[in-house]
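Here is how the chains run, residue by residue.
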Amino acid sequence: MKIKTILVSQPEPKMENSPYSRLIEKEKLKVDFRPFIHVEGVDAKNVRQQKIDLNNYTAIVLTSRNSVDHFFRIAEEMRFKVPDSMKYFCQSEAVAYYLQKYVVYRKRKIYVGKRTFTDIVPLLKKYKTEKFLLPSSDSLKLEVSETMDGLGLDWKRGIFYKTVISDLSDLRDVYYDILVFFSPSGIESLLKNFPDFEQNETRIAVFGNTTVNAATGAGLRIDIKAPTPDTPSMTMALQKYISSINKK
């Protein structure tokens, strides 16, 4: 059965010439984008209940663009003027670049990792005397908290936003050849929205080991995995699989 339709459980890429655009053109596909989860901020009152006073911290650890947005949102709600002396430890260049939305980059103390959380460990070690705040969602990777504890840092996690399952009821009678997932939360959303979901001929594509484990644990058959040495991106994995199926 040829592949004609794909549903990606993420927002549509904003760039014009995204890898998905090339995939659509090459394989003549219909690709829809729909976030299966979304983020909602918690209010300043909730943050105060976590015994967090922004005045007590000298450094902020930022793991995503969401953490950037919600740290500055809470600072504004609390009428906290972020001092110029605040240090920012960003997990990746993408997060650091996004920080420019809120601060004048060249005038701030910003330390940047390459991609994963472990990349900023050497930077954190250099500044062990700082008081760190880590704004996060309600679901933080265990690796992050274990790493922070292991370094013996004076740090606190603050839940500044929550991951919420989106309402997908309008998709109940819509069928796709491939469903694409990037997180365990996406798998959870599928099963919460459609508890009677039967995979049948639908192919499941997953990105990352935690998503693989969530899909397998839910009894789903995984047809496409990324990243792999041959296909480091999801679009490359989709391209390889679709071209092999559609050639038959």
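Preceding this paragraph is the structure being described.
Residues numbered from 1 in each chain as written. Predicted model: local features only at pLDDT ≥ 70, side-chain atom pairs only at ≥ 80, totals over all residues. Heavy atoms only, no water.

Caption draft 1: Representation of the packing of aromatic side chains in the model. Throughout the structure, instances matching the rule amount to 10 aromatic pairs. Measuring from centroid to centroid gives 5.0 Å for Phe71 and Phe72, while their planes differ by 75°, and the two rings are edge-to-face. A relative accessible area of 10% means that Phe72 is categorised as buried. Ring centres of Phe72 and Tyr102 lie 4.5 Å apart, and the angle between their planes is 0°; on these two criteria the pair is classed as stacked. Of the two residues, Phe72 sits in helix H3 (residues 65-77) while Tyr102 sits in the loop between helix H4 (93-99) and strand S6 (109-112), which places them 30 residues apart along the sequence. These aromatic residues form a ring-pair network of at least three members: Phe71, Phe72, Tyr88 and Tyr102. Sitting above the plane of the Tyr98 ring, Arg65 keeps its charged end 5.9 Å from the centroid. (Phe/Tyr/Trp six-rings, centres within 6.5 Å; stacked < 30°, edge-to-face > 60°. Buried < 20%, exposed > 50% of the residue type's maximum accessible area, 1.4 Å probe, protein only. Helix = DSSP H or I, 4+ residues; strand = E, 2+ residues; numbered from the N terminus. Lys NZ or Arg CZ within 6 Å of the ring centre and 35° of its normal.)

Caption draft 2: How the structure looks around H3. Taking 1.5 Å as the rise per residue, H3 with 13 residues should run 18 Å; its terminal C-alpha atoms sit 18 Å apart, in good agreement. What H3 keeps buried is the set Ser67, Val68, His70, Phe71, Phe72, Ile74 and Ala75. Once H3 ends, the next one or two residues include Arg79, with phi positive near 55°. (Expected span 1.5 Å × (residues − 1).)

Caption draft 3: How the structure looks around the sheet that holds strand S4 (residues 59-62). Taken together, 5 strands build an open sheet; the order of strands is S6-S5-S4-S7-S8 and the sheet is parallel. Two strands lie at the open edges of the sheet, namely S6 and strand S8 (154-159), each paired on one side alone. With strand direction ignored, the average angle separating the axes of adjacent strands in the sheet is 20°. Across 4 bridges, the pairing between S4 and strand S5 (residues 87-90) is parallel. The residue bridging Leu62 from the neighbouring strand is Cys90, located in S5. (Pairing = 2+ DSSP bridges. Axes fitted to C-alpha atoms, helices over the stretch in contact; angles between N-to-C directions.)

Caption draft 4: Summary view of the side chain of Glu130. Secondary-structure assignment places Glu130 in the loop between helix H5 (121-126) and strand S7 (131-136). Side-chain polar atoms of Glu130 contact the side chain of Lys87, separated by 3.1 Å. With residues up to four places along the chain from it excluded, the contact list for Glu130 reads Thr58, Ala59, Lys87 and Asp154. (Polar contact = N/O pair within 3.5 Å; in protein donor to acceptor, adjacent residues only side chain to side chain. Contact = heavy atoms within 4.5 Å.)

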